[in-house]
Structures are given as structure tokens and as C-alpha cells.
Amino acid sequence: MNGIVFSFVMAAYNSEKTIEKSLISIRKQDFRQDRIEIIVVDGISSDRTRSIAQKYNCIILDNKKRLPEIAKTIGLKAASGDYLCIMDSDEALARNTILSERYSVLVKHHEIKCMSIGLKTPFGSKPCSYYINSVGDPFSCFIYKTYDSGVDGLIIHGSLYDK
């Protein structure tokens, strides 16, 4: 056992304008940093994306096909944590206590299989990111009925624990 609790998988390509805010939001968490790994799967960026990721002690993997779906698959295979957090390079954790709050819920409720991590979108990001981070991924909300209060432990949307 390597002791990693949270594995963050982040697809990136020429993300120098946003990735630092994303990485800072992870590294400023009140959760033990030695229990967090950040895997940046880079589409062979031509800007400073990789050097910024190195600055924040990320594992950097290559994604020669550049597609974010492929990047996330590469990252999933490399992740070693107990819990997986998929985060885009233009998103940030909403506050510095998110991981410790989520962890306390996860260890008490083993029936929970998936939980929203509580993201905010950094300034200057695409409008779609603002929507998804405000209301959740529409596909997941439809499939897992997170708009419905009767989710019965399959998924618990993060907003229920944001009080």
C-alpha cells in the first residue's frame, strides 16, 4: 500500500493560462499532501504546461493523441489512490477543506461509490465549464438521478455535504 488516498487525473494541452490555479487549489487542501497524487496527462503541449505541472510535483504522462478522453484513460490506469478525482486543467477545488470533508464522509459511508468533488471554474474558462460546475455533469445527473433526492447511496452529489 502506497498511502495515496486521492488520485487526481487531469487532462491538459497548452493549459499554461489555467493549470496553475487548478494545481494550487489541490496543493492548498488541508488534507495531507503526501496522501495526494496529481497525474497530469499532457497532450504534448508547446507552452509551459509541463513545467508548471513539475513545479507542483505532478506525475506527468504523455497523451500523443491529445483527446481528453484518452488522457483520462491513461491517467486512470496510472492512478494508485483509494479515490479518484477527475478534474480538468481549467477547474479548481471550491475551497481548501473539500478533500477532508469528502474523506470524512467516504470513510463513514462505504456504500457511496461516487461523489462530486466540489469544483469551481477559474476566471476565463469556457462557458460550458461554468455550467457543469454549477449544476453537475448533465449526463451523470440524468443517469444517476442526482437531481432527485432518492439516489439511495449510489451517488451523493457534493452539495448535500457543503453545509
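Look above for the structure.
Notes on the structure follow. (Residues numbered from 1 in each chain as written. Predicted model: local features only at pLDDT ≥ 70, side-chain atom pairs only at ≥ 80, totals over all residues. Heavy atoms only, no water.)

### Comments concerning the pattern of salt bridges
What counts is decided by this rule: Salt bridge, as applied in this entry: a Lys or Arg side-chain nitrogen positioned within 4 Å of an Asp or Glu carboxyl oxygen. Here a strand is any run of E in DSSP of at least two residues, a helix any run of H or I of at least four, and the numbering for each starts at the N terminus.
Tallying each qualifying case throughout the model produces eight salt bridges. For the salt bridge of Glu-16 with Arg-48, the shortest nitrogen-to-oxygen distance reads 4.0 Å. Within this pair, whereas Glu-16 is found in the loop between strand E1 (6-12) and helix H1 (19-27), its partner Arg-48 is found in the loop between strand E2 (36-42) and helix H2 (49-55), the two being separated by 32 residues in sequence. As a salt-bridge pair, Asp-34 and Arg-32 come within 2.6 Å of each other at their nearest N and O atoms. The network of salt bridges with shared partners includes Asp-42, Arg-50 and Asp-62.

### Considerations on the sheet that holds strand E3 (residues 59-62)
What counts here: Here, any two strands with at least 2 DSSP bridges between them count as paired. To define axes, lines are fitted to C-alpha atoms, for helices over the stretch in contact only, and angles between the resulting N-to-C directions are given on a 0 to 180 degree scale.
Read across the sheet, four strands follow the order E3-E2-E1-E4 without closing on themselves; strand pairing throughout is parallel. Across the chains shown, the open sheet's two edge strands, defined by having one partner strand only, are E3 and strand E4 (83-86). Neighbour-to-neighbour, the strand axes of the sheet open up by a mean angle of 25 degrees, direction not taken into account. As defined by bridge partners, E2 adjoins E3 across four bridges and the pair is classed as parallel.

### Observations regarding unusual backbone geometry
To be explicit about the condition: Type-normalised accessible area, obtained with a 1.4 Å probe on protein chains alone, sets the label of each residue: buried when under 20%, exposed when over 50%, and partly exposed for intermediate values.
With a phi angle near 45 degrees, Asn-14 is a residue other than glycine that sits in the positive phi range. Relative to the helices and strands, Asn-14 resides in the loop between E1 and H1. The class for Asn-14 is partly exposed, based on a relative accessible area of 31%. A positive phi angle, near 65 degrees, is found at Arg-66, a position not held by glycine. In this structure, Arg-66 sits in the loop between E3 and helix H3 (68-78). Look at Arg-66 and you get partly exposed, because its relative accessible area is 47%.

### Here's the deal with the nonpolar core
Rule in force here: For the purposes of this section, nonpolar cores are sets of buried Ala, Val, Leu, Ile, Met, Phe, Trp, Tyr and Cys residues that join through side-chain atoms within 4.5 Å. Contact definition: two residues touch when any of their heavy atoms are within 4.5 Å.
In terms of nonpolar packing, the biggest core is built from 27 residues, with Phe-8, Leu-23, Val-40 and Leu-93 touching the most fellow members. Listing elements by their share of this core, those giving two or more residues are E1, H1, E2, H2 and helix H4 (98-108). In this view, Phe-8 contacts Ile-26, Ile-36, Glu-37, Ile-38, Ile-39, Cys-85, Met-87, Leu-93 and Leu-99; residues no more than four positions away in its chain are not counted.

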